[in-house]
Amino acid sequence: MADRKPLYLMTPALAWLTAFMVVPCLLVLALAFFRRGIYGGIEYTFTLETIALVFDPLYASIFIKSALIAGLAGLIASVIGYSAAYAIAAMPARRQPLLLFFAVLPFWSNYLVRTYAWIVLLNREGLITALARYLGYDGEMPRMLYTESAVVIGLVYNYLPFVILACYAPLSRLNPEIAEASRDLGGSAWTTFRRITLPMTAPGIATGFVFVFVLSIGNFVTPALLGGGQFQMIGNLVYAQFLTANDWPFGAALSMVLIAVMMGLLTLQTFVSERASGARTKEA
Amino acid sequence: MADRSTQRLMLLILAAVFAFLYVPISVLVALSFNEGGLPTAWTGFSTKWYGELISNKDIMGAALNTLIVAVSSTFIATILGSLLAVGVEIRRRKGRVLETVIFAPMIIPDIVLAIALLSFFSMLEVTLGLRTIIVSHVVFNLAFVCAVVRARLKTFDWTIVEASTDLGASTITTLWRVVLPVLMPAVIAGALLAFTLSVDEFIIAFFTAGAGRESITLPMQIFAMIRFGVTPEINALATIVMTVSVVALALSQRLNSGKLAGQ
């Protein structure tokens, strides 16, 4: 086909993306350089104050808190996800696709529903309390719902399938002869894992961790539902600026910093994993 | 191969992880059939919570809205996304900017796209409602349709297109009678994926729906119900929503795996 035709096929979609994604995102970027008017609305004079306000200790501490929660969720998800992926990769080859399918299946169900399931479990009158009573415990149950731990559990639960997939990829590609060679040379199973398997599959863990971290740090649904509005994460703050406080420039500035953090991490991760795979090709 | 105790440890890990993944949602499904509806006691099998759903006007209204949004946005996104995919694959020398624009909706955090669209619509003084939700859903839906169709196009035999044009067919005829039939399974798979994503999508709809009750979608209704407090009806609603997503996605995967594609 002639060279011009593809452009003609792509035009409607590209026009849609330009109008409803590129332009709106640039608009938010621009908003960050203005400030809220005294009587609400936006005051159209260029300023860096709004962005500077993000780094005010009050808001910076929310950023740090979000990063800590996202980091903890990423860490726990990585440990559980890597173990699961390792176990799947150790199963007979013909069973692996099915196991992987069932590991990812919950991910296909609605995010709110999966989060709600944890409310049912962690509720004061929930299943865990009921189970404890059934087992004969009649003391005061600790508060489980509306805590930071509940938020971390929710995030780990929702994003675990990602990590399992990310870790399974390098584990399944691992050449078993390398591990065999290590054992022949006298390495114990633990040494082989620690010095051969783990370093060779680390890029998968990094991918999984970064994914969970990036998805968690901007999340506002899980903190809103499982945290019960007890504490704020950056996503909730952005939400509040746009829908409650009506301070769009500040909301925009917060999102821009959030995106910058995410992009930075994703780029770093791509760079590291590209270098790791590059190094491996050289060795081979 | 690994020794017995390692093998046993692996099975134990798998059992624990699968329990972690499946116990919460299984509890939900089981409770939706619990007469009393509370997690504290099983009072007998009943489908009464499903009956409550049907007689709940708010939920039925939200379900209708969800259907309108999902069908319309899927329809638009499938056409635009498929054309985009074909265009991109014909144009072999792909620019980086183009790739970034196409994949961006899959990577941009929902909340960012949501606030961007809210700001955009408000500045243009567009009335928020179902129409703005549909327009916004097309943005990410078309990216996913495009990705699914492109994956199929990687194994597409372009010589049949050459044969078609050599025999005098116009671009439109070639697209319609040669390219589309081969791509159909991928197009349907992409549409099913888009439909599911649209049914499940919450944040973007939440921001672009406006304040009125009349444009509330099912996920928004679920969010409101959860915040209001745990009622047994949500269990039934959750079970239905979950079943629809899993069935549509399983079908999409199957179509896309090529088993039904005849290739």
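Residues numbered from 1 in each chain as written. Chains lettered and ligands numbered in written order. Predicted model: local features only at pLDDT ≥ 70, side-chain atom pairs only at ≥ 80, totals over all residues. Heavy atoms only, no water.

Chemist: So what's going on with the UniProt feature "transmembrane region" (unreviewed entry) in chain B? Which residues, and what values?
Modeler: All names here are of chain B. Taken from the UniProt record, the annotation "transmembrane region" (unreviewed entry) applies to residues 12-33, 67-88, 100-121, 133-153, 174-197 and 234-251. Overall, residues 133-153 shows 100% helix and 0% strand. The separation of its end C-alpha atoms is 30 Å. The span residues 234-251 is 100% helix and 0% strand, and its two end C-alpha atoms sit 25 Å from each other. (UniProt positions renumbered as here; feature names shortened; annotations may be inferred. Helix = DSSP H or I, 4+ residues; strand = E, 2+ residues; numbered from the N terminus.)

Chemist: Let's hear about the nonpolar core: which residues, and what values?
Modeler: Among the nonpolar cores identified, the biggest contains 158 residues, and Ile-164, Phe-220 and Val-221 of chain A together with Leu-84, Leu-142, Phe-202 and Phe-207 of chain B are the most heavily contacted of them. Apart from residues no more than four positions distant in its own chain, Val-221 of chain A is found in contact with Tyr-111 and Leu-112 of chain A together with Phe-202, Ile-203 and Phe-223 of chain B. (Core = buried A, V, L, I, M, F, W, Y, C linked by side-chain atoms within 4.5 Å. Buried < 20%, exposed > 50% of the residue type's maximum accessible area, 1.4 Å probe, protein only. Contact = heavy atoms within 4.5 Å.)

Chemist: Outline the UniProt feature "transmembrane region" (unreviewed entry) in chain A, listing residues and values.
Modeler: All names here are of chain A. The UniProt entry lists residues 13-34, 70-91, 98-119, 150-171, 204-228 and 248-272 under the feature "transmembrane region" (unreviewed entry), expressed in the numbering used here. Along residues 70-91 one finds 95% helix and 0% strand; the C-alpha atoms at either end are 31 Å apart. In residues 204-228, the share of helix is 80% and the share of strand is 0%. The end C-alpha atoms are 33 Å apart.

Chemist: Can you tell me about the pattern of salt bridges, naming the residues and giving the values?
Modeler: Side-chain pairing between opposite charges can occur once the charged atoms of the two side chains come close. All names here are of chain B. The final tally for this structure, using the stated rule, is 8 salt bridges over all chains. Of the charged contacts, one joins Glu-89 and Lys-154 as a salt bridge, the two residues approaching to 3.1 Å between their closest N and O atoms. Within this pair, whereas Glu-89 is found in helix H3 (residues 57-90), its partner Lys-154 is found in the loop between helix H6 (130-153) and helix H7 (159-166), the two being separated by 65 residues in sequence. Residue Glu-89 is classed as buried on the basis of its relative accessible area of 4%. Connected via shared salt-bridge partners are Glu-89, Glu-99, Arg-150 and Lys-154. (Salt bridge = Lys/Arg side-chain N within 4 Å of Asp/Glu carboxyl O.)

Chemist: A description of unusual backbone geometry should follow, citing residues and the corresponding values.
Modeler: One non-glycine residue with positive phi stands out, namely Tyr-146 of chain A, at about 60°. The phi dihedral of Glu-125 of chain B is positive, around 60°, even though this residue is not glycine. Residue placement: Glu-125 of chain B occurs in the loop between helix H5 (110-123) and H6.

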